[in-house]
Amino acid sequence: MADEPLTDRERFPLLTDAGREMLDRLKQHPHAPRFNYSCGERLDAAGLADVRAYAERLAVGRAGWRFGEAPGWLKEFARYCRNEVPFYRDRADWSDDFFALPMTGRGDIRREPWSFVPDQSDLSQLIVYRTSGTSGNLLNIISHPTAPNRYLPLFETALSAHGLSIEGGPRVSIIQVCSQKRTFTLASVMSYFDSAGFAKINLNPADWNHPDDRARFLDDLGAEVYTGDPFAFAELARLGLKTQPKALISSATTLLPGQRAELESHFGCPVIDVYALNESGPVAFSRDAGHEVLPHDLYVEILDESGRALEPGRRGEIVVTGGVNPNLPLVRYRTGDFAALDFGCAIPRLVDFAGRRPVHFRTASGQVVSSIDVTVALFDVPLPFFSLHQEAGGKMRFRTRCDASTQARVEAALYDLFGTEQPLTIDQLPSDHLWQGKWLQYSSDA
Amino acid sequence: MTGDGPELESLTHRLAECPPEFLLEPRHGSSGSIDVPAIVADHFRRLSGGELAGEALECVEAIGAFAADRQQLVAIVVWLLHDAWFLDRPQLGQSVRRLLLDEKLARLSELVQPATIVDDPDRREELARVCLNSLGLRPRGETVAQATDRLTTLDSIERDRVVRKTRAAEARARKIREEMAKKAAQEAAARYSPE
Amino acid sequence: MTALADMNKLTALRDEWLHEFPVALGIWSQFVKLHDPAWCFTAEDEKREQLSDSFAMIRLSDHSIVISLRQVEEAGLQRFAPEVLAHEIGHHVYCPADLTDNARLLARIRAGLPTKEHLAAFVANLYSDLLINDRLQRAAELNIAGVYVQLGSNCREKMWLFYMRIYELLWKLPRGELARGEFDERLNQDAQLGARLIRSYAKDWLDGAGRFAALCLPYLIEDEAEKTRLVLRPWLDTRCAGSGALPDGLVEIDEAEIEGAIHPAEDPELSGIGARGAEHEGPSETGALSGKADGTGTKTAKRYRTPLEYAEVLKAAGVDVDSREIVARYYRERALPHLVPFPVRRHPESMEPIPEGLDVWDIGSPIEQIDWLGTLMTSPHVIPGVTTRERLAGTSPGTLPETSSIDLYLGVDCSGSMGNPANKLSYPVLAGAIMSLSALRAGSRVKVVLSGEPGKTISTDGFIREQKTILRTLTSYLGTGYSFGIHRLSETFAARPVGARPVHILVVSDNDMFTMLDNKGNGRQGWDAAREAVEKAGGGATFVLELPEYVRSRQWKQNSANYLERIKEIGWRVSIVSSMEELIEFARRFCRENYVTA
């Protein structure tokens, strides 16, 4: 919960009467969930203009590149970073040859996020996201209101590849569905889509006055597009909605082909899988075979451990340059995900993904608990690292290094999630034990 | 700086005792109180034992044309050079003239106030060392390496360049961190899909 | 060597060092008195003295110095008795010297290490070591440099080189004598700033602490100075400096903490920039940042640490008090400035009034004769002359005038929605602390019941006067259930005898209490349990509710206005407390509405 809530004027600088009506409609809907958060688009006139300009560049700029080629815009971007961004300016090992530039990693961002903010960036517009990825590695990301709003033209591009578009205006255009024990839920409006409505909801019945309200609410609003992760979409499918969206946009975790087929069949619409990172925004979207690079100004490479480029078709680490966040320009950023590149079309495609999957744990009573829920439960616990593993018989083993009172908090959180009957051991690693960043945070043999 | 010079402490001590008259504003146009060229002329006379001529005269004239700040620093240097150690060595005359005309003093005068030069221990030491260096000397008991290292470390010009950069970078980093701390507890902007 | 030979060697070493101790004391002052160091010969000795990893340690609470002779020998420092001993003494007489200053030092250092606060104790140790060592090497002409030559190291980590370079510059040592590695101009100038800082702030060292921390921060970003900490481990002697005590006054954030945490390059006195000739610096840039004297500027409002930050500062200072004790202390300190007169009732004459009925009190009657108990039972709203009643009492002869008080039952909601008071300031818990401390001060007793139902509950053992237990229970957290179990009240009040001391019931919760009141437990609604409790308790009852902004400003399904009305109908008062202003208003109003002078 935020310490100091913002005013609606701060949340929605461009709020129109239509927008106000839409917000009221969402929040006071007879079947509305118990929204527990408030958050707005935070776009002012300059911000909206920026997003529209981005959309224009996106519309004409998606040209792709050939393997081994560094387009002009890429070199320009690298120069910009070197001149204007402290982190890159301070690096001893820079180069005019893009392919000789050093890598950037998640650890760099975690250690000194402020050094990625360009010198000219207006600090009054600065916003901060605390992230909780499935890999359990928490991070503070300094961002800017234009960053999440640039996702909207990117979604449009992905949809138009499937012959679809967003109408916007006086209707609800996007609803994000979650299925978690606890999460922030909110109602908002999108200036980019002419004050169309947006809501983030949690399908967990505890968030609703009545379980049936979920379907009633969604059917009544008839959102154009649903966003969410595969787990939430599976739950959405079980609701038995009467209305049909134009498309589902799935992200966060890998959408397996079998799941995709089932969802498309159930909802009767395309299901687009978007591969995106908190740090960079959307990277690629599913299209026929493979995932096509989505933004016009994001460069994607596949590199081996020592940073050498791998030939098309060979799988290695996905490394990106660019990004939607003006306060986090990325140069050769190691994503920690693995795939191969296919240069068969003008715009390269990622294939052969070994992406991210959430781990599903089982409680003693057979319920499923997602690793996302564990991350959320441990969100505020000051742990330097941890891993959680479930053995074949259900026993769980948690490894970390912390003091007694922190360990007590971990126990309380885990028993709360898995039930007090859950067999659980907590291992304290000795202080000379080096934590290899490569350890899987979550794993299960069950 | 090959020659053996005096004890550093005697010089820094002498600077600390610089009489207030030497810190007054040099005569320039219609303002100011001290006549720096005259002070320099007096010093040269003391060294040579006779009237000014040739290079000494040219030196005094050149100094008359310096900016006020630079003249002020020259006055302080003259005070320093009036130490017995230097007065006993009139053969340093030519080096002294070179010192008083040294560009380094000009740049130093732009960076540091005269009061600071005599009040701040680091700046006293720097001025003493700059003077010795210009005279081709090093402090008694120090090796060339030691003397060079100290000189570089204290060099206001070098320091100014580096610290200015540091300051800009650190000030910016601090502002961003403060903003981060403020905003971390606030709502950010709505996101439209999960990551 | 046999164990006996080892022992003999160490004993001889101890004798040598003991001999040097008065000399080392004398270096600081002829008048300082410290008892002899505790000497450790074996690992068992060290364990007993809680000495680990280092060969020396100080503890401010009992002015002790602990030396491990075994480790001194291992480190090859046998001949450095004067240096080591004078150094340890320096921590007692110079920096930090005092438990409160030690904690303040850690707070200042933390302020200069955003994202690396957990390294504060390490950086504080470096800082105090620099101050002490500089004094000893120059004034006392000891060979501190020799200790560092012996300890390390060809370590090339930037933090190590930076730290050693500061010593080289302070003592005019040749480059490379202590800092054996390559470093750039930035590091050299940072070390020069560090040396100037140590000299400038030798007297007012607390003011220089934040700047020193900011100076070190860039060298901690990458590896957190892991290698440096390893090299210095034998001499990190202030880790436990603050153990054994809990200093007062750390709850408030000192303005100087925030203002002082700037990089020395930003301080014109240290950097020399902004002095002359530089581009004109606006006063907002450097004026507010310069130097130590700072009497100008507007008075800013008091700022307080969160309970979590408070605990972190104390932990960094070496305070080893139980963490629950720390939370309790936090709320005590925050509560103390706001205590209010708690209701008492005094029998003007002696004992045992025999109640004969109640008469409406007339404004002319002396105020002591108001039967507040009877008044409260009639209506929660006290309107003098209308609802107040005066007990018509016959008296039977007694001995001494008696002051009877109203006791306090404090019911605290510790469900998930309330948040853990150890992390973030909880206004309802603070209200509870103010009320219980006020009650104790007035001679009353307090019973604290923590409950998060359905789920768990803990409580004090009945009505007690033990301040520590009360505060500890009050600031605990269970995180279960969704609200305070209103039905719990019957456990205390259902069987309460009629003549028992009156109790005021104070329940702190949030809007989930509305649901709890509606729900059934033990066969009846929460409303009934609440009504019965206030009737039996006899001292009034109040709900203190925290209602978040999004609840108050929205049209909610639950019509809160109806609930608030109904609560008054059953004889309870309601106070909304979601901010400091509302908390103070509640305390004031409570006193006004229930007040009878003692």
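Residues numbered from 1 in each chain as written. Chains lettered and ligands numbered in written order. Predicted model: local features only at pLDDT ≥ 70, side-chain atom pairs only at ≥ 80, totals over all residues.

### Considering the overall build of chain B
The helix and strand inventory of chain B stands at 11 helices and 2 strands. Starting at the N terminus and ending at the C terminus, chain B contains elements arranged as β-α-α-α-α-α-α-α-α-α-β-α-α. In terms of overall dimensions, chain B is more spread out than a globule: its C-alpha atoms have a radius of gyration of 23 Å, far above the 16 Å expected for 195 residues. Taken across its 195 residues, chain B has 45% of its residues classed as buried. Taking all contacts inside chain B whose residues are at least 6 apart in sequence as the whole, residues at least 24 apart take part in 73%. (Helix = DSSP H or I, 4+ residues; strand = E, 2+ residues; numbered from the N terminus. Rg over C-alpha atoms; globule rule 2.2 N^0.38 Å. Buried ≥ 20, exposed ≤ 12 C-beta atoms within 10 Å, placed from the backbone. Contact = placed C-beta atoms within 7 Å.)

### A few points about the overall build of chain C
Across its full length, chain C carries 25 helices and 17 strands. Here chain C holds 598 residues, and the buried ones make up 45% of them. Residue pairs in contact within chain C that sit at least 24 positions apart in sequence constitute 78% of those at least 6 positions apart.

### A word on the environment of I166 of chain A
Residues and elements named next belong to chain A. Within the secondary structure, I166 sits in the loop between helix 7 (146–160) and strand 3 (172–178). For I166, a count of 21 C-beta atoms within 10 Å gives the class buried. Excluding its chain neighbours within four sequence positions, the residues that come into contact with I166 are E156, L159, S173, F193, E224 and V225.

### A look at the sheet that holds strand 17 (residues 573–576) of chain C
Through backbone hydrogen bonds, the strands of a sheet pair up, either in parallel or in antiparallel fashion. Residues and elements named next belong to chain C. What the 6 strands build is an open sheet, ordered 12-11-10-13-16-17; its pairing is mixed. Whereas interior strands pair on both sides, the edge strands pair on one side only; in this sheet they are strand 12 (456–459) and strand 17. Each neighbouring strand pair of the sheet contributes to a mean axis angle of 15°, computed without reference to strand direction. Pairing of strand 10 (residues 407–413) with strand 13 (residues 503–510) involves 6 bridges; the strand directions are parallel. What sits directly across from Y409, in strand 13, is I505. Most of the contacts of helix 18 (residues 427–441) go to strand 10, to which it runs at about 165°, and overall it touches strand 10, strand 11 (446–452), strand 13 and strand 16 (538–546). (Pairing = 2+ DSSP bridges. Axes fitted to C-alpha atoms, helices over the stretch in contact; angles between N-to-C directions.)

### Overview of the environment of W235 of chain C
Residues and elements named next belong to chain C. Among the secondary structure elements, W235 is positioned in the loop between helix 11 (226–232) and strand 4 (252–253). Assessed through the 23 C-beta atoms surrounding it within 10 Å, W235 is described here as buried. Note: C-alpha distance between W235 and A495 (260 residues apart in sequence) is 63 Å. If sequence neighbours within four positions are ignored, W235 has contacts with S54, A56 and L151.

### Re the interface of chain A and chain B
A common measure of how large an interface is: the accessible area buried when the components associate. Contacts between the two partners involve 44 residues from chain A and, on the opposite side, 21 residues from chain B. With 5 residues, strand 1 (residues 127–131) of chain A is the single largest residue contributor to the side of chain A that touches chain B. Taken together, the residues of the side of chain A that touches chain B break down into 24 nonpolar, 13 polar and 7 charged. (Nonpolar A, V, L, I, M, F, W, Y, C, P; charged D, E, K, R; others polar.)

### So, the nonpolar core
With 163 residues, the main nonpolar core has I67, L106, I109, V123, A213 and I505 of chain C as its most contacted residues. Here this core gets 11 residues from one element, more than from any other, and that element is helix 6 (residues 120–139) of chain C. Residue contacts for I67 of chain C: discarding those within four places in its chain leaves W17, P37, W39, C40, F55, A56 and V72 of chain C. In this structure, F77, Y192, A196 and A276 of chain A belong to the second largest nonpolar core, which totals 94 residues. (Core = buried A, V, L, I, M, F, W, Y, C linked by C-beta atoms within 7 Å.)

### Re the pairing of strand 14 (residues 349–354) of chain A
Remark: a regular strand shows side chains that alternate across the two faces of the sheet. All names here are of chain A. Pairing analysis gives 2 bridges linking strand 10 (residues 291–293) to strand 14, with the strands arranged antiparallel. Considered in strand 14, the bridge of H291 is made with L350. The pairing of strand 13 (residues 330–342) with strand 14 spans 4 bridges and is classified as antiparallel. Looking at strand 14, one finds that A340 is bridged to V351. Hairpin connection from strand 13 to strand 14: 6 residues lie between these consecutive antiparallel strands.

### Some points on unusual backbone geometry
Along the chain, C95 of chain C connects to P96 of chain C via a cis peptide bond; the corresponding omega equals 0°. One non-glycine residue, D352 of chain A, adopts positive backbone phi at about 60°. Relative to the assigned elements, D352 of chain A resides in strand 14. Look at D352 of chain A and you get partly exposed, because 14 C-beta atoms sit within 10 Å. The phi torsion at A225 of chain C lies on the positive side, around 55°, for a residue other than glycine. Checked against the element boundaries, A225 of chain C lands in the loop between helix 10 (205–220) and helix 11. The buried category is assigned to A225 of chain C, around which 25 C-beta atoms lie within 10 Å.

### Some details on the packing of helix 1 (residues 8–16) of chain B against helix 9 (residues 121–134) of chain B
All names here are of chain B. At their nearest, the axes of helix 1 and helix 9 sit 9 Å apart, and the two run at 120° to each other. It follows that helix 1 is oblique to helix 9 by the angle criterion. Handedness of the crossing formed by helix 1 with helix 9: right-handed. Note on element contacts: helix 9 touches helix 1 through R124, E125, L127 and A128, opposite L8, L11, T12, L15 and A16. Here the residues of the contact of helix 1 with helix 9 sort into 6 nonpolar, 1 polar and 2 charged. (Parallel < 35°, antiparallel > 145°, perpendicular 65-115°, else oblique. Left-handed = near helix turned anticlockwise from the far one by under 90°.)

### A look at the packing of helix 15 (residues 307–316) of chain C against helix 16 (residues 323–335) of chain C
All names here are of chain C. At a closest axis distance of 10 Å, the pairing of helix 15 and helix 16 adopts a crossing angle of 125°. Regarding the angle of helix 15 to helix 16, the classification is oblique. Crossing handedness for the pair helix 15 and helix 16: right-handed. Here P307, Y310, A311 and L314 of helix 15 lie close against helix 16, whose contacting residues are S323, I326, V327 and Y330. Split by residue class, the contact of helix 15 with helix 16 holds 7 nonpolar, 1 polar and no charged.

### Side note on the pairing of strand 3 (residues 64–68) of chain C
All names here are of chain C. Where burial is concerned, most of strand 3 is hidden: 4 out of the 5 residues are buried. By the bridge criterion, 3 bridges tie strand 1 (residues 38–40) to strand 3 in an arrangement that is parallel. The residue of strand 3 that forms the bridge with A38 is V66. Linkage of strand 2 (residues 56–59) to strand 3, two consecutive antiparallel strands, is achieved through a turn of 4 residues, within which H63 is found at a positive phi near 50°.

### So, the sheet that holds strand 1 of chain C
Residues and elements named next belong to chain C. Across the sheet, 3 strands lie side by side as 1-3-2; this open sheet has mixed pairing. For this open sheet the edge positions go to strand 1 and strand 2, each flanked by a neighbour on one side alone. With direction set aside, neighbouring strand axes in the sheet form an average angle of 15°. Sitting on the sheet, helix 4 (residues 81–93) touches strand 2 and strand 3, and the angle it makes with strand 2 is about 20°.

### What to know about the confidence of the model for chain C
Residue and element names in this part refer to chain C. Summarising the model, chain C shows a mean pLDDT of 82, and 82% of its residues fall at 70 or more. Across residues 277–298 the pLDDT falls below 50, and counting only partners more than four positions away or on other chains, this stretch makes 18 contacts in the model. A low-confidence stretch, residues 346–402 (pLDDT under 50), is modelled with 82 contacts involving residues beyond four sequence positions or located in other chains. Interface confidence in the predicted complex, given as ipTM, is 0.85; pTM for the same model is 0.81. (pLDDT = per-residue confidence, 0-100.)

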